[in-house]
Amino acid sequence: MSGFSTDVSPGSDGIVDSHHHVWDPAKRPHDWLVALPSLNRPFDLRQLEQVAKPLGVSATVLVQVLNDPAETEEFLALASASEFIAGVIGWVDLTDPGVGETLARLAELPGGDKLVGVRHLVPNEPDPDWLRRHEVRRGVRAVSESGGAFDLLVSTRELPAAVHLAEHLEGATLVIDHMAKPEIGASTWEPWNSLIGQLARSESVVCKISGLVSQVGRHWDPAAVRPYVKRVVELFGPNRLLFGSDWPVCTAVASYDEVLGLAHDLVAPLVGQEIDAFFGGTARRIYKLASVRMEERPGERRFDL
């Protein structure tokens, strides 16, 4: 399919890529990459800038890869030296009673002012109900009370627990990564459809349209993805949806411009301000990125502990 040309970049502030990673397996082990030779090499910010900036991407959110506090500190340092990275989703031990103090310490590090949220690799937990645990809910509440978002990385297996979390943390900003990983390649519709519908009932839950080509595989087809995207558009509306590339994971099956082009194609029914919201406005608002922090709304709290 054709790429996403710069003449259709929405909004005067440019596109915000709300979900990407960087890594160097030689510096920090990534066991999950061993079986993925095309990805088992360094991917750095310079490489991303080379493919994303010409397409109108003006800012990004760098997202954790490992449940490792050292990686979070490294990402904050990288963000402190980069205007391109507007926010960082890091990792902290949510089960630790001192999670608030940990967040405060991270906020004082170079780049700590760009810490906008936290994520945990929930699918790696043996217990599908990990998100139901009291100590986990307490940790997510601490993130929320500090003004940050919690990125929900879940698959269908963990969706019931995610629904439980949302119901018990009313008002906490929860960001569903990768549309909760529907099994698009297998054309599976339920129970993903019903469960994500339950999550969408909470107005403080938003959803990233990201990582979809990886759910299909190398022979991905927009037609296979479209029903799932149509459903989340119906459920969440444009003001609760965000674009994310999931670079460099996506490169195993698609180029950056193909991923951006696919997103543009899938949300084509949106118009005007709706397009602007999906490709940047919602990310700036939800994550309280730099352009929003300059003029915050009354009652909103920043993630600068």
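Going by the structure above, here's the rest.
Given the structure is predicted, the values throughout are model-derived calculations rather than measurements.

Caption draft 1: Fine view of the layout of surface pockets. Of the volumes computed, that of the largest pocket is approximately 460 Å³. Taken together, 18 residues line the largest pocket, and the ones lying closest to its centre are Trp 32, Leu 153, His 178, Lys 181 and Val 249.

Caption draft 2: Broad picture of the pairing of strand E2 (residues 57–63). Burial analysis of E2 places six of its seven residues in the buried class, which makes it a mostly covered element. Sheet analysis places strand E1 (residues 15–20) next to E2, joined by four bridges and oriented parallel. Directly across from His 20, in E2, lies its bridge partner Leu 62. On the question of chirality, the crossover connecting E1 to the parallel E2 by way of helix H1 (residues 45–52) is right-handed. The sheet contact formed by E2 and strand E3 (residues 85–90) spans four bridges and is parallel. Paired with Val 63 across the bridge in E3 is Ile 89.

Caption draft 3: Local environment of the pattern of salt bridges. As enumerated under the stated definition, the model contains 15 salt bridges in all. Across the pair Arg 28 and Glu 74 runs a salt bridge, and its minimum N-O distance is 2.8 Å. Note that Arg 28 is positioned in the loop between E1 and H1 and Glu 74 in helix H2 (residues 69–80), a separation of 46 residues in sequence. For Arg 28, a relative accessible area of 15% translates into the label buried. Under the relative-accessibility criterion, Glu 74 is labelled partly exposed at 28%. Here Arg 119 and Asp 177 are joined by a salt bridge, their closest N and O atoms 3.1 Å apart. Of this pair, Arg 119 sits in strand E4 (residues 115–119) while Asp 177 is found in the loop between strand E6 (174–176) and helix H6 (192–200), placing the two residues 58 residues apart along the sequence. A residue is classified by how much of its surface remains accessible, and Arg 119, at 4% relative accessible area, is buried. Residue classification places Asp 177 among the buried residues on the basis of a relative accessible area of 0%. Counted as one network, the salt bridges with shared partners bring together Lys 27, Arg 28, Asp 68 and Glu 74.

Caption draft 4: Expanded view of empty space enclosed by the protein. Here the structure, examined in full by the defined rule, presents two cavities of 30 Å³ or more. Estimated volume of the largest cavity: approximately 90 Å³. Together, Ile 209, Ser 210, Gly 211, Leu 212, Val 213, Phe 243, Gly 244, Ser 245, Val 259, Leu 262, Ala 263 and Leu 266 line the largest cavity. Sorting the residues of the lining of the largest cavity by element identifies helix H7 (212–216) and helix H9 (256–266) as the ones contributing at least two each. Examining the composition of the lining of the largest cavity, we find that four residues originate from one element, H9, more than from any other. Per-class residue counts for the lining of the largest cavity are eight nonpolar, four polar and no charged. As for the second largest cavity, its lining consists of Val 22, Trp 23, Asp 24, Lys 27, Arg 28, His 30, Glu 71, Glu 74 and Phe 75.

Caption draft 5: Representation of the packing of helix H8 (residues 222–236) against H9 within the structure. At their nearest, the axes of H8 and H9 sit 10 Å apart, and the two run at 55 degrees to each other. Comparing their axes, H9 and H8 come out oblique. Taken as a pair, H8 and H9 cross one another with a handedness that is right-handed. Only Leu 262, Asp 265 and Leu 266 of H9 make contact with H8, whose side of the interface consists of Pro 222, Val 225, Arg 226 and Val 229. Per-class residue counts for the contact of H8 with H9 are five nonpolar, no polar and two charged.

Rules used in this analysis
Residues numbered from 1 in each chain as written. Predicted model: local features only at pLDDT ≥ 70, side-chain atom pairs only at ≥ 80, totals over all residues. Heavy atoms only, no water. 1 Å grid on protein atoms, 1.4 Å probe; cavity = no way out; pocket = protein on both sides within 12 Å on 5 of 7 lines; lining within 4 Å. Points joined across faces, edges and corners; volume = space filled by probe spheres on them. Buried < 20%, exposed > 50% of the residue type's maximum accessible area, 1.4 Å probe, protein only. Helix = DSSP H or I, 4+ residues; strand = E, 2+ residues; numbered from the N terminus. Pairing = 2+ DSSP bridges. Right-handed = clockwise from strand over helix to strand, strands pointing away. Salt bridge = Lys/Arg side-chain N within 4 Å of Asp/Glu carboxyl O. Nonpolar A, V, L, I, M, F, W, Y, C, P; charged D, E, K, R; others polar. Axes fitted to C-alpha atoms, helices over the stretch in contact; angles between N-to-C directions. Parallel < 35°, antiparallel > 145°, perpendicular 65-115°, else oblique. Left-handed = near helix turned anticlockwise from the far one by under 90°. Contact = heavy atoms within 4.5 Å.

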